[in-house]
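Here are the chains, one letter per residue:
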Amino acid sequence: MPGMLYADRIGHTFYMPDGALPALHNVTFAVAPCSLVCVVGASGCGKSTLLRILAGLLKPSAGRALLDGSPIEGPSPRVGMVFQKANLMPWRTVERNLTLPLELNGVPRAEREARAAALIELVGLEGFAGAYPAELSGGMAQRVAIARALIYRPGVLLLDEPFGALDALTRERLGSELLRIWQASGNTVVMVTHSIQEAIFLADRVIVLSGRPGEIVLNLEVPLPRPRALDVVHSAGFGALSARVRAAIGA
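Please read these numbers as outputs of a predicted model, since none were measured by experiment.

## A few points about the overall build of the protein
Line of reasoning, step 1. For the protein, the count of helices and strands is 7 helices and 10 strands.
Line of reasoning, step 2. The globule rule puts the C-alpha radius of gyration for 251 residues at 18 Å, and the 18 Å found for the protein is close to it.
Line of reasoning, step 3. Principal-axis analysis of the C-alpha atoms gives the protein an extent of 50 × 45 × 35 Å.
Line of reasoning, step 4. Considering the protein as a whole, with its 251 residues, one finds that 50% of them fall into the buried category.
Line of reasoning, step 5. A sequence separation of at least 24 residues applies to 70% of the contacts in the protein between residues at least 6 apart.
Line of reasoning, step 6. Summed over its atoms, the accessible surface of the protein is roughly 11,700 Å², and 56% of this surface lies on carbon and sulfur atoms.

Given below as structure tokens:
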């Protein structure tokens, strides 16, 4: 079921051979169940570090991340993660890339295949269950990566620049697809992106991090009505929200 995420005064420092590198400082925010939050900021501001802490892949130097009030202390099937690169196994078909996590956990074959079929339909890849990664476009591969992250039926989905390597038109199309998948799955979603337009189009709330060490300089509600079509980016309200996010990043 969807989860309530909470970042509680999170700070993190990387210790390098030539000294300490502060990445995050005193980051606190909440993500309501079933909501979609985007995190933006300049390169190197700690966005991906924050996401890895929320995923339980990295222990923060200070503060804590919580899911439904319980500390996140390691990876959990309740939290799915999608990276910028799909990282699909080239020798496995789409279906078998999806079912691998379930195979490793001993889930019966019939259930594995049923879950994979439902997710292939959800992400709009009907007819490609038997295709190999080399036969997929970049956008299709990312759909498979999203489906793989959903195979455990997590309540929370974390996305780290999932469309960053795609061309602009494919990126726009997948943004709309992500909204459809999110609304159908009911997940709580946190997504890191460099694109101000993408963040405002997708999110209920946009969090802006300062330059390193990343601190929250803006936590902005996006009051644009849903469902959203791409033409909303031409509205005055969208432009005003973009200007606020851009100013916060520039500051």
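## Here's the deal with helix α3 (residues 109–122)
Line of reasoning, step 1. For α3, which comprises 14 residues, the first-to-last C-alpha distance of 20 Å matches the rise-based estimate of 20 Å (1.5 Å per residue) to within 8%.
Line of reasoning, step 2. Trailing α3 by a residue or two, Gly124 shows a phi angle of about 75°, which is positive.

## What about the state of the cysteines?
Line of reasoning, step 1. Evaluated as defined, the whole model comprises 0 disulfides.
Line of reasoning, step 2. Counting only cysteine sulfurs, Cys38 is the nearest neighbor of Cys34, a cysteine outside any disulfide, at a range of 16 Å.
Line of reasoning, step 3. Cys34 sits in the partly exposed class, given a relative accessible area of 39%.
Line of reasoning, step 4. Cys45 supplies the cysteine sulfur nearest to Cys38, a cysteine that is in no disulfide, at a spacing of 13 Å.

## What about a nonpolar patch on the surface?
Line of reasoning, step 1. Taken together, Phe14, Met16 and Leu21 make up a surface patch of nonpolar side chains, about 230 Å² in accessible area.
Line of reasoning, step 2. Residue placement: Leu21 occurs in strand β2 (residues 19–31).

## Observations concerning the nonpolar core
For soluble globular proteins, nonpolar side chains are generally found buried alongside one another.
Line of reasoning, step 1. Ranked by internal contacts, the top residues of the largest apolar core, which has 56 residues, are Leu36, Leu157, Leu159, Ile200, Leu202, Val206 and Val245.
Line of reasoning, step 2. If one sorts the elements of this core by residue count, helix α4 (residues 138–150) sits on top with 8 residues.
Line of reasoning, step 3. By size, the runner-up hydrophobic cluster in this structure holds 26 residues, among which are Leu50, Leu67, Val156 and Leu158.

Conventions we followed
- Residues numbered from 1 in each chain as written.
- Predicted model: local features only at pLDDT ≥ 70, side-chain atom pairs only at ≥ 80, totals over all residues.
- Heavy atoms only, no water.
- Helix = DSSP H or I, 4+ residues; strand = E, 2+ residues; numbered from the N terminus.
- Rg over C-alpha atoms; globule rule 2.2 N^0.38 Å.
- Buried < 20%, exposed > 50% of the residue type's maximum accessible area, 1.4 Å probe, protein only.
- Contact = heavy atoms within 4.5 Å.
- Areas by Shrake-Rupley, 256 points an atom, 1.4 Å probe, with all protein chains shown as cover.
- Expected span 1.5 Å × (residues − 1).
- Disulfide = S-S within 2.5 Å.
- Patch = residues over 30% accessible without salt bridge, like charges linked within 9 Å, V, L, I, M, F, W, Y side chains within 5 Å.
- Salt bridge = Lys/Arg side-chain N within 4 Å of Asp/Glu carboxyl O.
- Core = buried A, V, L, I, M, F, W, Y, C linked by side-chain atoms within 4.5 Å.

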